[in-house]
Amino acid sequence: MKLVHVVGARPNFMKVAPVLRAGQSIAGLIQVLVHTGQHYDPAMSDSFFQDLGLPAPDENLGVGSGSHAEQTARIMLAFEPVLDRHSPDWVVVYGDVNSTVACALVAVKKGIRIAHVEAGLRSRDRGMPEEINRILTDQLADLLLTPSRDGNDNLAAEGIPPARVRMVGNVMVDTLLRLRSVAAKRGMPERLGVKGADYAFVTLHRPSNVDDRDTLSELLGALEDLGSRMPVLFAVHPRTRRRIDEFGLTAPNGPVRLLDPLGYLETVNLVDGAALVLTDSGGLQEETTVLGVPCLTARPSTERPVTITEGTNRLVASRRVDINAAVTELLARRAGGSFQPGRPEGWDGHAGERVISALLESRTTVTATT
Ligand code: UD1
């Protein structure tokens, strides 16, 4: 059996790593790794390959940045000949980025079966490009591999036959559990002068937060306030950096440190030691839950509700006053010791193996149900 795994953007790399590793031990399984090049800066791509021990991609499509239409179309054009060359049995796509939906759309029209890892998540916010990518990819996929039960429920509500759906758990958690102790040796808190201190770790990159001047200004104000309580380490995505400059906003300084995008191990090292995380990332909501670090997610909704019901996550409006109030409440709760690491079902370090098992078992069954 031959698999073509597709990755393109930063969060995909942590998800493919455990699946590739699990597949390596299966005799007769051929795996091809395709990188679309959606993310291309060394700090957004190469450093993740190194940290995760990923092999160099067999194919790099080098598509780069652009509008959604440009980027999606370029990925599709570049991916089609790759499929012609490799003729896989399955295309395996990950998460909810533009590379995910673009390659699924090419594969389905060529009659190649698609497995979607991290299927079924829904924020119900159609203003998020990722929500559109999720809905479309799930409609196209033959095998839908969900990270949590809510994913199965969402897919059932959309009329997707349960025979195509399998709960495998969270592949990102496989990577986190494998590399947590390696990350602990990175010495990031020492290097940034916050060892032993309470500090906050921040990432913000969603278009809804950073592409609107007023919202971004509110968020930077919130960071300034947070900086008066504890050191703030803000890992700044290139999109966010560009918007701060374009809008002529003043980034807070002093206790708020603006950092270039960090590698995976550096990030886990800092998150693991943080007093709190403020983010709009999907992956960090999950990682803070597993690490038992309180997390404030600056978004109106989340596609990862188990991080709230079973974990350490809480949603907050992207406004200075709301974030201030949420931080006060969170620090009081933390002083009372009420944050426990959460381990939703299947977040156990073995999801990658279950992805490979599902693919091997579906060799015959999936075609019959489509
Ligand atoms: C993408 C994903 C998002 C994910 C995020 C993680 C989509 C729709 N969005 O958003 O779900 O959470 O990745 O980072 O797929 N840029 C660089 N260097 C790079 C890549 C991007 O400078 O290596 C800059 C470019 O100015 C680019 C902008 O960042 O235009 C946005 O990049 P893009 O890939 O379009 O989306 P992200 O915001 O990174």
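Residues numbered from 1 in each chain as written. Predicted model: local features only at pLDDT ≥ 70, side-chain atom pairs only at ≥ 80, totals over all residues. Heavy atoms only, no water.

Caption draft 1: Region of the structure containing the overall build of the protein. Across its full length, the protein carries 16 helices and 13 strands. Against the globule reference of 21 Å for 370 residues, the protein gives a C-alpha radius of gyration of 20 Å, in line with a compact fold. Principal-axis analysis of the C-alpha atoms places the extent of the protein at approximately 60 × 40 × 40 Å. The burial tally for the protein puts 59% of its 370 residues in the buried class. Considering only contacts within the protein whose residues lie at least 6 apart along the sequence, 71% involve residues at least 24 apart. Working note: accessible area of the protein is about 14500 Å², and carbon and sulfur atoms make up 50% of it. Here the protein contributes 40 positively and 44 negatively charged side chains, and the mean placements of these two sets differ by 2 Å. (Helix = DSSP H or I, 4+ residues; strand = E, 2+ residues; numbered from the N terminus. Rg over C-alpha atoms; globule rule 2.2 N^0.38 Å. Buried < 20%, exposed > 50% of the residue type's maximum accessible area, 1.4 Å probe, protein only. Contact = heavy atoms within 4.5 Å. Areas by Shrake-Rupley, 256 points an atom, 1.4 Å probe, with all protein chains shown as cover. Lys, Arg positive; Asp, Glu negative; His and termini not counted. Charge placed at Lys NZ, Arg CZ, Asp CG, Glu CD.)

Caption draft 2: How the structure looks around helix 5 (residues 129–140). With 12 residues, helix 5 should reach 16 Å at 1.5 Å per residue; the first-to-last C-alpha distance of 17 Å fits that figure. Burial in helix 5 covers these residues: Glu 130, Glu 131, Asn 133, Arg 134, Thr 137 and Asp 138. The arc that holds the buried residues of helix 5, viewed along the axis, is 160°, so those residues lie on one side. Check the buried side of helix 5 and you find it contacts strand 4 (90–94), helix 4 (98–109), strand 5 (113–117), strand 6 (143–146) and helix 6 (149–157). (Expected span 1.5 Å × (residues − 1). Arc of directions from axis to C-beta.)

Caption draft 3: Structural context of the pairing of strand 8 (residues 200–203). Residue alternation in strand 8 divides its side chains into two sets, Ala 200 and Val 202 and Phe 201 and Thr 203, and both sets are buried. Strand direction decides the pairing type here: strand 8 and strand 9 (residues 232–235), joined by three bridges, are parallel. Considered in strand 9, the bridge of Phe 201 is made with Leu 233. The sheet contact formed by strand 8 and strand 11 (residues 276–279) spans four bridges and is parallel. Bridged to Thr 203 within strand 11 is Thr 279. (Pairing = 2+ DSSP bridges.)

Caption draft 4: View of the site of the ligand. Not every one of the 19 residues close to the ligand is listed here, only the nearest: Gln 38, His 39, Glu 130, His 205 and Arg 242. In the model, an oxygen atom of the ligand is placed 3.5 Å from a nitrogen or oxygen of the Arg 10 side chain. One nitrogen or oxygen atom from the main chain of Asn 98 is found 2.9 Å from an oxygen atom belonging to the ligand. Out of a free accessible area of 750 Å², the ligand has 90% covered by protein chains. Mapped onto the shell around the ligand, the elements with two or more residues apiece are helix 1 (10–24), helix 3 (68–86) and helix 11 (238–246). Looking at the shell around the ligand, the element that brings in the most residues is helix 11, giving three residues. (Near = heavy atom within 4 Å. Polar contact = N/O pair within 3.5 Å; in protein donor to acceptor, adjacent residues only side chain to side chain.)

Caption draft 5: Quick peek at the domain arrangement of the protein. Here the protein is partitioned into domain 1 (2–170 + 347–369) and domain 2 (187–336). The C-alpha centroid of domain 2 is placed 28 Å from the C-alpha centroid of domain 1. Facing the 22 residues of domain 1 at the interface are 20 residues of domain 2. In this assembly, domain 1 packs against domain 2 so that about 1700 Å² is buried in total across both faces, 59% of it on carbon and sulfur atoms. Scanning the region where domain 1 abuts domain 2 turns up three salt bridges. (Domains from an automatic or database assignment. Buried area = accessible area lost by both parts, 1.4 Å probe. Salt bridge = Lys/Arg side-chain N within 4 Å of Asp/Glu carboxyl O.)

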